[in-house]
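Spelled out, the chains give:
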Amino acid sequence: MVNSGEPFSENIRNFLKEEVIKFNSHQVTLFDRGRYTFSVRETMNHIEGLPMGEYKVDLRSKWCDCGKFRALHLSCSHVIAANSSFSYDYKTFVDKKFTNECVYSVYNIHFDVVHHQHYWPTYVGSKVVPDSAMRRAKKGRPELLALGPRWALWKMRGENAAIVG
Ligand SMILES: [Zn+2]
């Protein structure tokens, strides 16, 4: 996987493959290549819960009316259609965080070796210990609630008042 030479993970490649299949049924009806804006018409319903129609694509602001481009940071079928209309590689609009190079760079950080506890310096300072009164009962209800919620509330507030009711 690391040395596969693929720029994206399998999931991203599968997503893009499906979008490319959809893009084959799209038509770019209007475009302004100077502003990188396009109007893409769908000619086939691919059943995604979105109405079949005309979608506006603005490559500069990374916008497509379908919402996928902005939400997923991946090229949707409309963006692919827009890019193909002027022979531009749609993969340049896939966010860099999805590249294998970016994912594997997580492992480039330096990890210090933690020595055996025997070699650790002696700790000087206060120790935090759990309050045994706050410990949960092993079986049944928690200890504080064993006498009922009013008692628990009274005990939590630390009040020295009589329980009413
Ligand atoms: Zn789209």
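Conventions we followed
Residues numbered from 1 in each chain as written. Predicted model: local features only at pLDDT ≥ 70, side-chain atom pairs only at ≥ 80, totals over all residues. Core = buried A, V, L, I, M, F, W, Y, C linked by C-beta atoms within 7 Å. Buried ≥ 20, exposed ≤ 12 C-beta atoms within 10 Å, placed from the backbone. Helix = DSSP H or I, 4+ residues; strand = E, 2+ residues; numbered from the N terminus. Contact = placed C-beta atoms within 7 Å. pLDDT = per-residue confidence, 0-100. Pairing = 2+ DSSP bridges. Axes fitted to C-alpha atoms, helices over the stretch in contact; angles between N-to-C directions. Expected span 1.5 Å × (residues − 1). Arc of directions from axis to C-beta. Left-handed = near helix turned anticlockwise from the far one by under 90°. Nonpolar A, V, L, I, M, F, W, Y, C, P; charged D, E, K, R; others polar.

### Observations regarding the nonpolar core
- Residues Val40, Val57, Cys64, Val79 and Ala82 are the most contacted members of the largest nonpolar core, which totals 15 residues.
- Ranked by residues supplied to this core, first place goes to helix H3 (residues 77-85) with 4 residues.
- Sequence-distant contacts of Ala82, that is, excluding residues within four places in its chain, are made with Val28, Phe38, Val40, Val57 and Leu59.

### Overview of the confidence of the model for the protein
- Counting all residues, the mean pLDDT for the protein is 83, and 81% of those residues have values of 70 or more.
- At the level of individual helices and strands, the protein shows its lowest average pLDDT in helix H5 (residues 149-157), which scores 57, and its highest in strand S4 (residues 63-64), which scores 96.
- Here residues 161-165 is a poorly scored stretch, pLDDT under 50, and it has 3 contacts once near neighbours within four places are set aside; other chains count.

### Quick notes on H3
- With 7 of 9 residues buried, H3 lies mostly within the body of the structure.
- If you check which residues of H3 are buried, you get Ser77, His78, Val79, Ile80, Ala81, Ala82 and Asn83.
- Along its buried surface, H3 packs onto helix H1 (10-23), strand S1 (26-32), strand S2 (37-42), strand S3 (54-58), S4 and helix H2 (68-72).
- Where H3 ends, the next residue or the one after it, Ser87, has phi of about 55°, a positive value.

### Topic: the sheet that holds S2
- Judged by pairing direction, the sheet is antiparallel, and its 4 strands sit side by side in the order S1-S2-S3-S4 without closing on themselves. Looking at which strands have only one partner, the edges of the open sheet turn out to be S1 and S4.
- Strand direction decides the pairing type here: S1 and S2, joined by 6 bridges, are antiparallel. Residue pairing across strands places Phe31 opposite Phe38, the latter belonging to S2.
- Across the sheet, H3 touches S1, S2, S3 and S4, and the angle it forms with S1 is around 60°.

### Re H1
- The first and last C-alpha atoms of H1 sit 20 Å apart over 14 residues, in line with the 20 Å expected at 1.5 Å per residue.
- For H1, the complete set of buried residues consists of Leu16, Glu19 and Phe23. Projected down its long axis, H1 carries its buried residues within an arc of 60°, all on one side. Exposed side of H1, more than 90 degrees from the buried face: Glu10, Asn11, Asn14, Lys17, Glu18 and Ile21 are the residues found there.
- Considering only its buried residues, H1 is in contact with S1 and H3.

### Examining the packing of H1 against H3
- It is at 8 Å that the axes of H1 and H3 come closest, and there the two elements cross at 65°. As H1 runs across H3, the sense of the crossing is right-handed. Where H1 approaches H3, its residues Glu19, Val20, Lys22 and Phe23 are matched on the opposing element by Ser77, Ile80, Ala81 and Ser84.
- For the contact of H1 with H3, the residue count by class is 4 nonpolar, 2 polar and 2 charged.

### As for unusual backbone geometry
- The backbone of His73 shows a phi angle near 60°, a positive value even though the residue is not glycine.
- Positive phi is not limited to glycine here, since Ser87 has a value of about 55°.
- Tracing the sequence through the fold places Ser87 in the loop between H3 and helix H4 (100-104).
- For Ser87, a count of 6 C-beta atoms within 10 Å corresponds to the exposed category.

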